[in-house]
Amino acid sequence: MPHKIGFVVVSSSGHEDGFSARELMIHAPTVSGWRSPRFCQFPQEIVLQMVERCRIRKLQLLAHQYMISSKIEFYISESLPEYFVPYQAERFRRLGYVSLSDNEKTGCKARELKSVYVDAVGQFLKLIFHQNHANKYNIYNQVALVAINIIGDPVDFGDESNTTSREKLIDHYLGHNTEDPALEGTCTGKSDYISPLDDLAFDMYQDPEVAQIIRKLDERKREAVQKERYDYAKKLKQAIADLQKVGERLGRYEVEKRCAVEKEDYDLAKEKKQQMEQYRAKVYEQLQLHDLVDAELPLVHSGSPHRPQPMLTLPPQEERVTEKRFADLVLQEKPSAHPQDVFPHPATAERPLPATDPHLKTMPESLPYDERPLPATRKQPSAATVEPERSDTDVSEAPRGPAGEPEPLTEKIWREAGSSIEVLGETLVAGAYSRTWSYREDALLALYKQLMEMPVGTPKEDLKSALRASIFLIRRAIRDIVTPVFQASLKLLKMIITQYIPKHKLSKAETTHCVERTVPVLLTRTGDSSGRLRIMASNFIQEMALFKEVKSLQLIPSYLVQPLKANSSTHLAMSQMELLARLLKDLGTGNAGFTIDSVMKFSVSALEHRVYEVRETAVRIILDMYKQHRDFVLDYLPPEDNTTRKNVLYKTIFEGFAKIDGRPTDAEIKAQKKAATEEAEKRKKEEIKALQGQLAALKETQAEVQEKESDTLKKESDTLKTKNQDSQGRKAALPSTPEIPDDHYLDNLCIFCGERSESFTEEGLDLHYWKHCLMLTRCEHCKQVVEISSLTEHLLTECDKKDGFGKCYRCSEAVLKEDLPRHIKTKECNPAKPEKLANRCPLCHENFTPGEEAWKAHLMGPAGCTMNLRRTHVLHKAPSLLPAKGPVVTKSGTSGSKVGSKIPTPKGALNKNSSRTYMKR
């Protein structure tokens, strides 16, 4: 039956600090897994050695949520190739590859579990990771693997070909039917059955200790089924289901505890730990109550919740065990029927190991899960005894060490810290140099208390000596990777600057010494790989710069405007830029250390940096400087032309300048022009449409006028005929009178000004009305053609902008409302007379004789309105005469002299159109 196969990591092409490939050997909810180096070259590879030669049935990969390889290839081999072991030339055989999702659908917040079914025999497995999927979180182009699980069957040499057939033959003779549904899901039902307890998801969500208990109970359940103890098997099955929920809950508590420790919320971490212990003890008590466990299982009894956890230590020379020796050690053990036997059970770790085999002491799997060393302990054992793992995880989880005295000082430390030892004492300096971080922290806290209690009357030389010795230890502590030690150093430094120096009235030279000796080291820590330490260092530098004792020295700004080095880390460059931006807002460019020249030179050079965030911050700083010093900032930038604007950064800067000045940017100008063009086109189309409608209405009106006038003249002609006939009957016969022509006499005639012209066709009249008729004008506000005599009425009642006009009570004309108060107040307008006494011209604002004919005389006469611009066109021609041989139609409609008179303007045409609006362009 396939089961979980243990393995060890033989080699890897590289890893990021704190994320060694050795992490893949541990399956638990809190593991971090392997990560490739930052900005590494692809492909990356990892070689695994299984504890025994086996036939691999299934591979499971748990990918990282955003450090995702686009493709992973698998290779298998019976033994290591020649570049690992001499005299063996066998190469790896390629099995295939799998592609991983880019995880965009989940927003890079879920991890993909990939299962691959294979059928290959070997003992060495090689994984090759190709280029990563790009996303906004993976800024270093890394790939990672959280966990890998191998499931297969042990295979001896020469047995891989007949294993399946032999199992079938045995089942045939024993009478077992592999297709029996009653046996489905059991180990005897199918030869390729894989237990859910061997699945990777089980270990990644279960508490390790509970997972061991579940596996033991599962073995008992299978034994009970074989012995036909079905009630007991049912009881075990229910217990396993309940324990799986318990294990998931404990695993969640463990993750929450780790998160609390990372946030330095130790009260919450302690609460979670106690919660886990109480919950675990309660569950184990229930298991014992139901006789489901015995003394073999590693239970925490309610009476003694804490198990003995022996600390296993090694001499320095025994700690240096290479990865190969560790792999050989595990592989030399006899393979067992269950893969978990490779990693000793926590209960076995409580028994003392024989001292004769020093290598066994270094095996991390021999310890309980909580006591296993971090990956760096196996990779660099010599360094692990000095400092804990450098990662974002709070290293204060490490044990504080046994109570006692720190290690004695070595000769090297005496030479290095001799002056500090003379001033502060050997005990305190020994604590500051101790390998145990708790001693280092206690030494700094003791020094803090010692300086605070130093009396005021102490000689100046002693005070200065103590200060300089303290700064020496602070510099060393600032470089410490353990968070509590780093915090203690900052606390001590702040006390010295803000309390110790003012209290003892030391000179500014001592403050200068503190700043000059510590700020460069603190700036280095702003580039630390730990995000929490970076933030703490940056915030403290900003706080220190605002100390009144430090602010007057103007020292810190000079460090922040130093040009960025090309090989400096990304975090360091970003932190320096952010610090500069924040302090500029706090200090300005007055007398606080920052100058326009230094800030602008630094910012312009930062525009060329390789990191986008640095360039973006530089742009923000330049814009902030422009708000305060507009003329000076432009001197440090290239001229604003098309060539410069091709650079996106400079284009952003110049557009930012435009916004600050209140000027429209290029994009806004283009948008405005486009909107104006679209609006003009729209307005033109509307005017054309309205003009077409007005022309149609005008034609209809003209046709009606002509028809009415024709009917009137015809009636007058009939009346004259009747009278003439009666007169002939009474008197002597007179010559017959010719009939007056009544057809088309209004053709080619303007009904407003009375002008007749052969050019006055349908289109010619439209042009005449629009441009030349002296009786009409165009409204400047709505572009409609109206009679001049009714212009005031149009502006007040009909114009599109009529809401913007008001009527003056003195002159009775339409005036813009915004000008009306001033117009009335000045009283400069010519008062209007009553409508019955005089007409009022809206062009020249003069009063003249009332009546319709007076309008013609005023607007068309030679001495008429001087403001009628259409009078400049000589369009008024002599009136057309009727034939001289017959009677002429006069205004009274009677027969008169042979001298013809003008046909009067039809009054009905003007009165009929109440709006007096005729055309609109």
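Just so we're clear, the structure is a prediction, and the values are computed from it rather than from any experiment.

Rules behind the numbers
- Residues numbered from 1 in each chain as written.
- Predicted model: local features only at pLDDT ≥ 70, side-chain atom pairs only at ≥ 80, totals over all residues.
- Heavy atoms only, no water.
- Axes fitted to C-alpha atoms, helices over the stretch in contact; angles between N-to-C directions.
- Helix = DSSP H or I, 4+ residues; strand = E, 2+ residues; numbered from the N terminus.
- Left-handed = near helix turned anticlockwise from the far one by under 90°.
- Contact = heavy atoms within 4.5 Å.
- Nonpolar A, V, L, I, M, F, W, Y, C, P; charged D, E, K, R; others polar.
- Expected span 1.5 Å × (residues − 1).
- Buried < 20%, exposed > 50% of the residue type's maximum accessible area, 1.4 Å probe, protein only.
- Bend = angle between axes of the 7 residues up to and from the residue.
- Pairing = 2+ DSSP bridges.

Draft legend 1. A look at the packing of helix α22 (residues 570-587) against helix α23 (residues 596-606). The geometry of α22 relative to α23 is characterised by a closest axis approach of 12 Å and an angle of 145° between their N-to-C directions. Of the two elements, α22 crosses α23, and the hand of that crossing is left-handed. Where α22 approaches α23, its residues Gln576, Met577, Leu580 and Leu584 are matched on the opposing element by Val599, Phe602 and Ala606. For the contact of α22 with α23, a count of residues per class yields six nonpolar, one polar and no charged.

Draft legend 2. The arrangement of the packing of helix α18 (residues 508-525) against helix α19 (residues 531-545) in detail. In the contact formed by α18 and α19, the axes pass within 8 Å of each other and the chain directions differ by 145°. As α18 packs across α19, the resulting crossing turns out to be left-handed. On α19, the residues touching Val515, Thr518, Val519, Leu522, Leu523 and Arg525 of α18 are Leu533, Arg534, Ala537, Phe540, Ile541 and Met544. Per-class residue counts for the contact of α18 with α19 are nine nonpolar, one polar and two charged.

Draft legend 3. Up close: α19. In this model α19 runs 21 Å from its N-terminal to its C-terminal C-alpha over 15 residues, within 8% of the 21 Å that 1.5 Å per residue would give. Most of α19 sits inside the fold, with 12 of its 15 residues counted as buried. For α19, the elements touching its buried residues are α4 (230-262), α17 (483-503), α18, α20 (548-551), α21 (556-560) and α22.

Draft legend 4. Just the environment of Ile660, in detail. With respect to the helices, strands and loops of the structure, Ile660 is situated in helix α27 (residues 648-661). Separated by 33 residues in the primary sequence, Ile660 and Lys627 place their C-alpha atoms 6.9 Å from one another. When sequence neighbours within four positions are dropped, the list of residues in contact with Ile660 reads Leu623, Tyr626, Lys627 and Arg630.

Draft legend 5. Examining α18 more closely. Helix length check: α18, at 18 residues, gives a terminal C-alpha distance of 26 Å against a target of 26 Å (1.5 Å per residue), a fit within 8%. Roughly 30° is the biggest bend found in α18, and it falls at Val519, with proline Pro520 one to four residues downstream. Residues Glu510, Thr511, Thr512, His513, Cys514, Val515, Thr518, Val519, Val521, Leu522, Leu523 and Arg525 constitute the buried set of α18. Next to the buried residues of α18 lie α16 (460-478), α17, α19, α20, α21 and α22.

Draft legend 6. Quick look at the environment of Lys551. Topologically, Lys551 is positioned in helix α20. Look at Lys551 and you get partly exposed, because its relative accessible area is 38%. In this structure Lys551 touches Ala545 and Leu587, once residues within four positions along its chain are discounted.

Draft legend 7. Geometry of the pairing of strand β10 (residues 784-787). Burial along β10 is two-sided: the face carrying Gln784 and Val786 and the face carrying Val785 and Glu787 are both buried. Sheet analysis places strand β9 (residues 776-778) next to β10, joined by three bridges and oriented antiparallel. Directly across from Leu776, in β10, lies its bridge partner Glu787. In textbook terms, the turn of a hairpin is the stretch between consecutive antiparallel strands, and for β9 and β10 this stretch comprises five residues, one of which, Lys783, has a positive phi near 70°.

Draft legend 8. Structural detail: the pairing of strand β7 (residues 113-129). Relative to β7, strand β4 (residues 44-63) is paired through 14 bridges, and the arrangement is antiparallel. Within β7, the residue paired with Leu59 across the bridge is Val116. Looking at chain direction, strand β5 (residues 71-77) and β7 are connected through six bridges and run antiparallel. Within the sheet, the bridge partner assigned to Tyr75 lies in β7 and is Lys126.

Draft legend 9. Molecular detail of unusual backbone geometry. Phe42 connects to Pro43 through a cis peptide bond whose omega is 5°. The residue Lys505 is not glycine, and still its phi comes out positive at about 55°. Looking at where Lys505 falls in the secondary structure, it is placed in the loop between α17 and α18. Judged by relative accessible area, Lys505 falls into the exposed class, the value being 69%. For Lys827, which is not glycine, the phi dihedral falls at a positive 55°. Assignment of secondary structure puts Lys827 in the loop between α31 (820-826) and β13 (839-840). A residue is classified by how much of its surface remains accessible, and Lys827, at 55% relative accessible area, is exposed.

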